[in-house]
Amino acid sequence: MSVNVAVVGATGAVGQEFLTVLAERNFPIRNLKLLASSRSAGKTVEFKGKTHTIEELTHDSFKDVQIAFFSAGGSISKEFAPSAVKAGAVVVDNTSAFRMKDGIPLVVPEVNPEQIHKHVGIIANPNCSTIIMNVPVWPLHKANRIKRIIVSTYQ
């Protein structure tokens, strides 16, 4: 089964990494929509041997999209994720916009993949440093409960 995918923030570093990972994992994409600001609209990006044109992100960008990966900043996610959900997409948000919102699962697939199914249209993920830390810490926590971790990051 293949799906229609949108990447919001497609020209940014994280958007480009989304595309790299989707290609490496041979994610079953039927149609790919690359969305960004008006500054980037019209630029082209290669993905799996095909040229895709960047489209300007609008509230009407999500027709027929089933999965929308967002990484264009929290304000963009807050403004446009509801439009994606309304159009029928499941939003995977990589910003801080929905991380602490009631009813929106905060998911690290290697730690709590069962939470994915509890979404109501939006799935959030933690900060990148938190994800990287929790992947190896989770099995340690299961073996011997970790009560506290103090972390400093300098990003």
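Higher on the page you've got the structure.
Note that the structure is predicted; figures quoted are calculated from it, not measured. (Residues numbered from 1 in each chain as written. Predicted model: local features only at pLDDT ≥ 70, side-chain atom pairs only at ≥ 80, totals over all residues. Heavy atoms only, no water.)

Novice: Can you help me understand the sheet that holds strand β7 (residues 90–93) in this one?
Specialist: Paired through their backbone hydrogen bonds, the strands of a sheet run either parallel or antiparallel. Read across the sheet, six strands follow the order β5-β2-β1-β6-β7-β8 without closing on themselves; strand pairing throughout is parallel. Looking at the sheet topology across the chains shown, the edges are occupied by β5 (55–56) and β8 (122–124). As paired strands, strand β6 (residues 67–70) and β7 are joined by four bridges and run parallel to one another. What sits directly across from phenylalanine 69, in β7, is valine 92. Its contacts with the sheet put helix α1 (residues 13–24) on β1 (3–8), β2 (29–36) and β6, and the angle it makes with β1 is roughly 155 degrees. (Pairing = 2+ DSSP bridges. Helix = DSSP H or I, 4+ residues; strand = E, 2+ residues; numbered from the N terminus. Contact = heavy atoms within 4.5 Å. Axes fitted to C-alpha atoms, helices over the stretch in contact; angles between N-to-C directions.)

Novice: It is not clear to me how the side chain of serine 83 should be interpreted in this structure. Could you clarify?
Specialist: With respect to the helices and strands, serine 83 occurs in helix α2 (residues 74–86). Among all residues touching serine 83, those that are not within four sequence positions of it are His59 and Phe62.

Novice: When you look at the pairing of β6 in this model, what are you seeing that I'm missing?
Specialist: Looking along a regular strand, one sees the side chains alternate between the two faces of the sheet. Of the two faces of β6, the one lined by Ile67 and Phe69 and the one lined by Ala68 and Phe70 are each fully buried. Here β1 pairs with β6 via four bridges, running parallel. In the strand pairing of β6, valine 8 is matched with phenylalanine 70. Traced from β6 through α2 to β7, the parallel crossover comes out right-handed. (Buried < 20%, exposed > 50% of the residue type's maximum accessible area, 1.4 Å probe, protein only. Right-handed = clockwise from strand over helix to strand, strands pointing away.)

Novice: Whenever I open this one, α1 confuses me. Can you help?
Specialist: One turn of an α-helix holds 3.6 residues; hence residues three or four places apart share an orientation. Compared with an ideal rise of 1.5 Å per residue, which puts twelve residues at 16 Å, α1 spans 16 Å between its outermost C-alpha atoms and is within 8% of the ideal. Taken together, the buried positions of α1 are Gly15, Phe18, Leu19 and Leu22. Around the axis of α1, the buried residues are gathered within 95 degrees of arc, so they sit on the same side. Along α1, the residues that are exposed and aim more than 90 degrees away from the buried face are Ala13 and Glu24. Where α1 is buried, its residues meet β1, β2, β3 (44–47) and β6. (Expected span 1.5 Å × (residues − 1). Arc of directions from axis to C-beta.)

Novice: Can you walk me through the packing of aromatic side chains in this structure?
Specialist: What describes a pair of aromatic rings is the distance from one ring centre to the other and the angle between the planes of the rings. The tally for this structure, following the rule as stated, stands at two aromatic pairs. Here the aromatic rings of phenylalanine 62 and phenylalanine 70 are separated by 5.8 Å at their centres, their planes lie at 20 degrees, and the arrangement is stacked. Among the residues examined, phenylalanine 70 registers a relative accessible area of 0% and is labelled buried. (Phe/Tyr/Trp six-rings, centres within 6.5 Å; stacked < 30°, edge-to-face > 60°.)

Novice: Got a minute to help me understand the environment of alanine 84 in this structure?
Specialist: You can see alanine 84 is positioned in helix α2. By relative accessible area, which is 0% here, alanine 84 ends up buried. Sequence separation of alanine 84 and glutamate 110 is 26 residues, and the distance between their C-alpha atoms is 26 Å.

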